[in-house]
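Architecture and fold: a report
One letter stands for each residue in the lines below.
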Amino acid sequence: MATQARKAKLEELRADLLARIDRYQDHQHRASGALDKDLEEQALETQNDEVVDRLEQEAKEELAQVDRALARIDAQVGDRCEECGDPIAAERLAALPYTTRCKDCADH
Ligand SMILES: [Zn+2]
């Protein structure tokens, strides 16, 4: 895939992730509900918060990886493996635009 196309895909992914993180944070910081909620409902909500927390964490890690790939593209080494320096196969970059490692290194 051409670098420009890959970059466009990454920017899109980045915008998506930022929007998702925003939504998760909205959820976490929403005004707390009525005080007379029963305990069962409160427990459910706590569980839900933990799930959203985890999703937010995952989205942030993904975002960091996208940023890393973009930084490497800007440094002209976007299609090189950050571990062994070999070129990353074009098919791999097309399937995983955010990857910064070749298949061999990613598998190990
Ligand atoms: Zn490698």
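Residues numbered from 1 in each chain as written. Predicted model: local features only at pLDDT ≥ 70, side-chain atom pairs only at ≥ 80, totals over all residues. Heavy atoms only, no water.

**Some remarks on the side chain of Thr100**
When you line up the elements, Thr100 lands in the loop between α3 (90-95) and α4 (103-107). Under the relative-accessibility criterion, Thr100 is labelled buried at 4%. Reaching out from Thr100, the side chain makes a polar contact with the side chain of Gln65 at a distance of 3.1 Å. Ignoring sequence-local partners within four residues, the contact set of Thr100 consists of Gln65, Arg68, Ala69, Arg72, Arg80, Cys81, Glu82 and Ile88. (Helix = DSSP H or I, 4+ residues; strand = E, 2+ residues; numbered from the N terminus. Buried < 20%, exposed > 50% of the residue type's maximum accessible area, 1.4 Å probe, protein only. Polar contact = N/O pair within 3.5 Å; in protein donor to acceptor, adjacent residues only side chain to side chain. Contact = heavy atoms within 4.5 Å.)

**Let's talk about the UniProt feature "zinc finger region: dksA C4-type" (unreviewed entry) in the protein**
Per the UniProt entry, the sites bearing "zinc finger region: dksA C4-type" (unreviewed entry) are residues 81-105 in this numbering. A distance of 8 Å separates the end C-alpha atoms of residues 81-105, which is 36% helix and 0% strand. (UniProt positions renumbered as here; feature names shortened; annotations may be inferred.)

**Observations concerning the coordination of the zinc ion**
Perfect tetrahedral coordination of a metal by four donors corresponds to 109.5 degrees between them, and perfect octahedral coordination by six donors corresponds to 90 or 180 degrees. Within the first shell, the zinc ion binds the protein through Cys81 (SG), Cys84 (SG), Cys102 (SG) and Cys105 (SG), at distances of 2.3 Å. Seen from the zinc ion, its four donor atoms lie at angles of 105 to 115°, and the figure they make is tetrahedral. The sequence pattern describing where the donors of the zinc ion fall on their chain is C-x2-C-x17-C-x2-C. On the criterion of sequence distance, the pair formed by Cys81 in the loop between α2 (39-74) and α3 and Cys102 in the loop between α3 and α4 is long-range, its members being 21 residues apart. This pair shows no difference in class: Cys81 is buried, exactly as Cys102 is. (Donors = N, O, S within 2.8 Å, 3.2 Å for Na, K, Ca; no water. Tetrahedral: all angles 85-135°; square planar, octahedral: opposite > 155°, others 65-115°.)

**Quick notes on α2**
Compared with an ideal rise of 1.5 Å per residue, which puts 36 residues at 52 Å, α2 spans 52 Å between its outermost C-alpha atoms and is within 8% of the ideal. Listed in full, the buried residues belonging to α2 are Val52, Glu56, Ala59, Leu63, Val66, Ala69, Leu70, Arg72 and Ile73. The inward-facing, buried residues of α2 contact α1 (3-29). One or two positions beyond α2, positive phi appears at Gln76, with a value near 70°. (Expected span 1.5 Å × (residues − 1).)

**As for the environment of Leu10**
Note that Leu10 resides in helix α1. Each C-alpha atom of the pair Leu10 and Val77 lies 15 Å from the other, and the pair is 67 residues apart in sequence. Discounting chain neighbours no more than four positions away, the residues touching Leu10 are Val66, Ala69, Leu70, Ile73, Pro97 and Tyr98.

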